[in-house]
Amino acid sequence: MKRHAIARHRRLIWPILVVLIALVLLPFPVAARSEPVVIQRYDIVAELLDGGAMRVTETIRYQVCAETRDLLFTIPKGQDQKISLERIAVADTITRIDQALFIETLLAESSSGKAQAMTYHLEQTERQLNINLHLFLRAGSYRTISLVYRVEPAVWKHQDTALLEHCFFARPDDIPVGQVMLKVVLPRPVPTSLIWSLASSLSTFSTTGTRSDQLVWQRDGLPEGHFLHVTCLLPSDQLTQLPEAPVALTAAQLKEEARQADQLLHRQASWRSLVTSAIFILIAMAALLLFIVYWFFDREGAMPDRQRLLREPPYACSPVVLALLLRKKRPAQLIMTALLDLVRQRFLLLENSSFVRTDKEEDPSSPLLESDRFLLQWLFSQLAVDRVLTVSRLRSCARQADTAETFRAQLTEYLALLDGELVSQGLLDLHKSSRGRLIARLAASAYAVLAIATAVFMQQPLAWLLFLPAAVFLLYSMNLRRLTNRGREKYAAGQALARYLRRIGRLPPYPDQDRQNHLLPYAMALGFVQPFLADLPAIWQDKPIHEELSSYGISRKKSLPLKDQAKQLSSDLHLMESILSANLLLVERIQY
């Protein structure tokens, strides 16, 4: 019973698996990511100077894990601030910083299109200075970079205090850092009771030392995306020639602004964490919603199989309709199925890879399908020559410029008629199918809108993952359909017949002669025509035939052995279907 349930729901397994794989694997790409370089230590010394300037020396120790051409640096700046780069120097492996032998790099020529080693490019923007340092490092090496620059002004004079506000450890490559240390050196000693500072960061920094001429923050391990925003209030008389702030505030107001900025930083981090959790919850909900849509608006195989194997073709269900029920929608296979069924009904004969129209007329008491009637009219009234239709003739009509457009229109109409057969025979529930497709497409649209809105407005790149369920819903909506009870019964019968045809040579009692004739179009419809014909010669040892398959070109009157005739028929059908399929690919606007 469990095997039956899996078979009935196999079409839904792949989208659920995609979602589950995403849920399991996607939280880990950051942790599993292999970085080309590792920052072992990052030290910054910021010296405050009279006049409000700040001279910053950044010393960064890299371990190179993979061949790396460039190292990137970002120096943030505020409004009305200017950053001037004084020096970029590189040293090899060192044990102590005072033993390092630094070699200065040069500013690359703007006219040179090639990046040369030990040069750098600068890009100044309104909010930051970007540095691209070209080093061409080899894997396994170590480098220490010394970056020296001035920020002017870094300290502003307010009503009764001096304000230092700057962002440190901003990294454009978001590489995690080992040990970090920031030291702010004051121009002269200041009583610690007169200094107020706030280190705003998503990571916790510790302060060390009690010296009155410097402030120190340090930490072991700084995660990617984390930085340190320092706000420091000093007595304004301790620094000379400070520039006046555009808007002079009191110390209390400056402290309140710093605290609010710190709270906003942590609030935004909390929101990002919440959004990340919500994204994965939404993806999990998509799997549940997909199952609900399937359960109420699809469930083709919900009708339990009446039997494991079906030895008789489904009653009142033609081979081409059964193919559509089981989603065998290749146009070439459908046309070959319909032609073989017309051969079985003696409207056509199959002779030497050609279909010949007989004189048999339609019986009003058992009329043909509308699609079959159209196929006979199209192929044998417009394309056949002397009532004989060959695949080469079909190929010619599909390719020639004067007939290609008409061929395309007729084929499109035929395929539309085939789709209509499911409805006209009461096999497809149009109302529930339409509702299911609408719900799936609305879900796809909702997830796409959420992905765009979250990624753009909340600056959360992980939100693009929501396009995964959006794509799954969109693809599912294109294939979703709801069968009626009669349709599900025929669907289950088609599955049982397919299982029988797959192993017909091993399941006696074998079909009698008339049933062999009847089963051949169904074998083509279900994709088992070659195995079916290969098994027939062994079956004929117990069920000898006479002229039951003569309309297909298999007859005892021929000199060729029956086994070889069956083999020749299998080869002819395979060749005809392949040629027909290749030529139908030339026909545009086929929605299969």
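Parameters and conventions
Residues numbered from 1 in each chain as written. Predicted model: local features only at pLDDT ≥ 70, side-chain atom pairs only at ≥ 80, totals over all residues. Heavy atoms only, no water. Helix = DSSP H or I, 4+ residues; strand = E, 2+ residues; numbered from the N terminus. Buried < 20%, exposed > 50% of the residue type's maximum accessible area, 1.4 Å probe, protein only. Areas by Shrake-Rupley, 256 points an atom, 1.4 Å probe, with all protein chains shown as cover. pLDDT = per-residue confidence, 0-100. Contact = heavy atoms within 4.5 Å. 1 Å grid on protein atoms, 1.4 Å probe; cavity = no way out; pocket = protein on both sides within 12 Å on 5 of 7 lines; lining within 4 Å. Points joined across faces, edges and corners; volume = space filled by probe spheres on them. Nonpolar A, V, L, I, M, F, W, Y, C, P; charged D, E, K, R; others polar. Salt bridge = Lys/Arg side-chain N within 4 Å of Asp/Glu carboxyl O. Pairing = 2+ DSSP bridges. Axes fitted to C-alpha atoms, helices over the stretch in contact; angles between N-to-C directions. Expected span 1.5 Å × (residues − 1). Parallel < 35°, antiparallel > 145°, perpendicular 65-115°, else oblique.

Student: Explanation requested: the overall build of the protein chain in the structure shown.
Tutor: Regarding its fold elements, the protein chain presents 15 helices and 19 strands. When each of the 592 residues of the protein chain is scored for burial, the buried share is 46%. Per element, the accessible surface of the protein chain, about 29,900 Å² overall, is 55% carbon and sulfur.

Student: What is the right way to read the confidence of the model for the protein chain from this model?
Tutor: Residues shown with low pLDDT carry predicted positions that ought not to be read at fine detail. In this model, the protein chain carries an average pLDDT of 86, and 89% of its residues clear a pLDDT of 70 or more. Contacts from residues 19-33, a stretch scored under 50 in pLDDT, to residues over four places away or in other chains number 14 contacts.

Student: Please clarify how empty space enclosed by the protein should be interpreted in this entry.
Tutor: To find leftover empty space, one rolls a probe the size of a water molecule over the atoms. Taken as a whole and judged by the stated rule, the model has four cavities of 30 Å³ or more. Estimated volume of the largest cavity: approximately 60 Å³. The wall of the largest cavity is formed by Ile39, Tyr42, Ile60, Tyr62, Leu72, Phe73, Thr74, Ala170, Arg171, Pro172 and Asp173. When contributions to the lining of the largest cavity are tallied by element, the ones reaching two or more residues are strand E1 (37-48), strand E2 (54-64) and strand E3 (68-76). If you tally residues by element for the lining of the largest cavity, the top one is E3, at three residues. Within the lining of the largest cavity, the residues separate by chemical class into eight nonpolar, one polar and two charged.

Student: Is there a simple way to explain the pattern of salt bridges in this structure?
Tutor: Note on pairing: side chains with opposite charge can pair once their charged atoms come close. Applying the stated criterion across every chain, the model contains 14 salt bridges. Salt-bridge contacts for Arg150 lead to Glu152; the nearest nitrogen and oxygen are separated by 3.2 Å. On the basis of relative accessibility, which here comes to 23%, the residue Arg150 falls in the partly exposed class. Its salt-bridge partner being Arg330, residue Glu577 comes within 2.7 Å of it at the nearest N-O pair.

Student: I'm lost on the sheet that holds strand E19 (residues 388-390) in this one. Help?
Tutor: Strands belonging to one sheet form pairs held by backbone hydrogen bonds; the direction of such a pair is parallel or antiparallel. Spatially, E17-E18-E19 is the arrangement adopted by the three strands of the open sheet, whose pairing is antiparallel. Taken across any chain shown, the strands that pair with only one partner, and hence form the sheet edges, are strand E17 (348-351) and E19. Geometrically, the sheet is characterised by an average inter-axis angle of 25° between neighbouring strands, direction not taken into account. Where E17 and strand E18 (residues 354-357) come together, four bridges link them in antiparallel fashion. Its bridge partner lying in E18, Glu351 is registered against Ser354. Seen against the sheet, helix H7 (residues 370-383) touches E17, E18 and E19 and runs at an angle of roughly 90° to E18.

Student: Would you explain H7 in this entry?
Tutor: Residues lying three or four places apart along an α-helix face the same way, a consequence of the helix completing one turn every 3.6 residues. With 14 residues, H7 should reach 20 Å at 1.5 Å per residue; the first-to-last C-alpha distance of 19 Å fits that figure. What H7 keeps buried is the set Ser371, Asp372, Phe374, Leu375, Leu376, Trp378, Leu379, Phe380 and Leu383. Along its buried surface, H7 packs onto helix H6 (331-344), E17, E18, E19, helix H8 (391-399) and helix H9 (401-424).

Student: How should the packing of H6 against H7 be read in this particular structure?
Tutor: Describing two packed helices takes the angle between their axes plus the distance from one axis to the other. For the pair H6 and H7, interaxial distance at closest approach is 11 Å and the crossing angle is 95°. As summarised for this structure, H6 and H7 are arranged roughly perpendicular, according to the angle between their axes. Seen from H6, the contacting residues are Ile335, Ala338, Leu339, Asp341 and Leu342; seen from H7, they are Asp372, Leu375, Leu376, Leu379 and Phe380. In terms of residue class, the contact of H6 with H7 is made up of eight nonpolar, no polar and two charged.

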